Amino acid sequence: MASLQDQFLKAGLIDKKKIKQVHQEKSKQKKVERRTGTQSVDEARLAALELQSKNAERARELNAQRDAAATQKAIMAQIAQMVQQNRQSKGKGDIAFNFTHENKIERLYVSAEVHAHLSAGRLVIVRQGGTSELVPRVIADKIAERDPSLVIRVKKTHSEVDADDPYAAFQIPDDLMW
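Every residue gets a number counted from 1 within its own chain, in the order that chain's sequence is written. It should be noted that, the model being predicted, local features are given only for residues of pLDDT at least 70 and side-chain atom pairs only at 80 or more, the latter also being counted only at that level, while totals for whole chains, interfaces and linings use all residues. Hydrogens and water molecules were not included; the side-chain quantities draw on all heavy atoms of the structure.

Draft legend 1. Up close: the environment of Val 135. Segments assigned H or I by DSSP are reported as helices when at least four residues long, segments assigned E as strands when at least two residues long, and all are numbered from the N terminus. Note on placement: Val 135 falls in strand β4 (residues 131-136). When its relative accessible area of 0% is taken as the criterion, Val 135 is described as buried. For Val 135 and Leu 118, which are 17 residues apart along the polypeptide, the C-alpha to C-alpha distance reads 9.9 Å. Residues count as neighbours in contact if any of their non-hydrogen atoms are within 4.5 Å of one another. In this view, Val 135 contacts Val 83, Asn 86, Arg 87, Gln 88, Arg 122, Leu 123, Val 124, Val 126 and Ala 140; residues no more than four positions away in its chain are not counted. Each residue's exposure class comes from its accessible area (1.4 Å probe, protein chains only) as a fraction of the maximum for that residue type: buried when under 20%, exposed when over 50%, partly exposed otherwise.

Draft legend 2. How the structure looks around the nonpolar core. Ile 79, Met 82, Val 83, Val 124, Val 126, Val 135, Ile 139, Ala 140, Ile 143, Leu 150 and Val 151 together form the largest nonpolar core, which totals eleven residues. Secondary-structure elements contributing two or more residues to this core are α3 (43-86), β3 (123-128) and α5 (137-146). Look past the residues within four positions of Val 83 in its chain and what remains in contact with it is Val 126, Gln 128, Glu 133, Val 135 and Ile 143. The next biggest cluster of nonpolar side chains, apart from the first, holds ten residues, and it includes Phe 97, Phe 99, Leu 108 and Val 114. To form a nonpolar core, buried Ala, Val, Leu, Ile, Met, Phe, Trp, Tyr and Cys residues must be joined to one another through side-chain atoms within 4.5 Å.

Draft legend 3. The arrangement of the side chain of Asp 147 in detail. The residue Asp 147 is located in the loop between α5 and β5 (151-152) in this model. Arg 146 is the oppositely charged side chain nearest to the buried, salt-bridge-free Asp 147, at an N-O distance of 10 Å. Here Ser 149 takes part through its side chain, which lies 2.8 Å from a polar atom of the side chain of Asp 147. Among residues more than four places away in sequence, those in contact with Asp 147 are Met 76 and Ile 79. Under the counting rule used here, the positive set is Lys and Arg, the negative set is Asp and Glu, and His together with the chain ends is not counted. A pair is scored as a salt bridge if a Lys or Arg side-chain nitrogen falls within 4 Å of a carboxyl oxygen belonging to Asp or Glu. Two N or O atoms form a polar contact when they lie within 3.5 Å of each other; inside protein one atom must be a possible hydrogen donor and the other a possible acceptor, and for residues adjacent in sequence the pair counts only when both atoms belong to side chains.

Draft legend 4. How the structure looks around helix α4 (residues 112-120). Considered for burial, the residues of α4 that qualify are Val 114, His 115 and Leu 118. Taken end-on, α4 shows its buried residues confined to a sector of 105 degrees, consistent with a single buried face. Summarising the contacts, the buried residues of α4 are in contact with β1 (95-101), β2 (104-110), β3 and β4. The positive-phi residue at the C-terminal boundary of α4 is Gly 121, with phi of around 95 degrees. Here the arc refers to the directions that run from the helix axis out to each C-beta atom.

Draft legend 5. Structural view of the confidence of the model for the chain. Of all residues in the chain, 90% attain a pLDDT of 70 or more, and the chain-wide mean is 84. pLDDT is a per-residue confidence score from the predictor, ranging from 0 to 100. Mean pLDDT across the elements of the chain bottoms out in β1 (84) and peaks in α3 (92).

Draft legend 6. How the structure looks around the sheet that holds β3. Strands are treated as partners if at least two bridges between them are detected by DSSP. Here three strands make up an open sheet; going across it, the order is β4-β3-β5 and the pairing antiparallel. Of all strands in the sheet, those bounded by a partner on one side alone are β4 and β5. A fitted line through C-alpha atoms represents every axis, and for helices the fit uses only the stretch in contact; the resulting angles, taken between N-to-C directions, go from 0 to 180 degrees. Across the sheet, α4 touches β3 and β4, and the angle it forms with β3 is around 90 degrees.

Draft legend 7. Representation of α3 within the structure. End to end, α3 covers 64 Å across 44 residues, agreeing with the expected 64 Å (1.5 Å per residue, within 8%). By the burial criterion, the buried members of α3 are Ile 79, Met 82 and Val 83. The inward-facing, buried residues of α3 abut β3, β4 and α5. Working rule for helices: expected span equals 1.5 Å times residues minus one.

Draft legend 8. Representation of the pairing of β4. Note: β3 against β4, six bridges, orientation antiparallel. Residue pairing for β4: Ile 125 is matched across the bridge by Leu 134. In this structure, the hairpin formed by β3 and β4 is closed by a connection of two residues, where Gly 129 is found at a positive phi of approximately 65 degrees.

Draft legend 9. Spotlight on the environment of Arg 127. Relative to the assigned elements, Arg 127 resides in strand β3. Residues Arg 127 and Leu 150 lie 23 residues apart in sequence; the distance between their C-alpha atoms is 5.2 Å. With residues near it in sequence (within four places) discarded, Arg 127 still touches Phe 99, His 101, Glu 106, Ser 132, Leu 150 and Ile 152. Separated by 2.8 Å, the side chains of Arg 127 and Ser 132 make a polar contact.

Draft legend 10. Focus on the pattern of salt bridges. The final tally for this structure, using the stated rule, is four salt bridges. When the shortest N-O distance is used, the salt bridge between Arg 60 and Glu 57 registers 2.9 Å. Linking Arg 60 with Glu 57, this pair stays in helix α3, spanning three residues, or about one helical turn. Since its relative accessible area comes to 36%, Glu 57 is described here as partly exposed. Two residues, Arg 127 and Glu 106, come together in a salt bridge whose shortest N-O distance is 3.9 Å. With a gap of 21 residues between them, Arg 127 in strand β3 and Glu 106 in strand β2 connect regions that are remote in the sequence. The class for Glu 106 is partly exposed, based on a relative accessible area of 23%.

Written out as structure tokens, the structure reads:
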């Protein structure tokens, strides 16, 4: 196979005078390099190496993003499986249980027994995909390790009275539901 220079010569893209001129420039450059002791910088090679490193970095970033998305998807599947396997019945919905989710008050109709479990903290509400499910506190803790934004914890009611409370003399009725 002929060199690229010969192929260009046969195609008529360059002539012998141009080839001779390029050889003279290369020899002059080598002579200068030998005298000064410095090497010339091959700009095309440096540009190619820089481009290659940029492409490798971009590929690493894309792989990291794909890995993160796959990990997040696996975590969401684990959470869905835990909720599905451990969800508790809400019972016949005759008592409204109110809770806050994303600065909105949501209502869940539950039985008296489930209401007592929610108030005591034995059951926890998990919001996933727009639905509310009740799961035991142990399962909710495992879900919160993976994604705490899905777990809605109900604050237990305190019967202790603060000494500085100006409304300490006014007791809240036991049958008050909000």
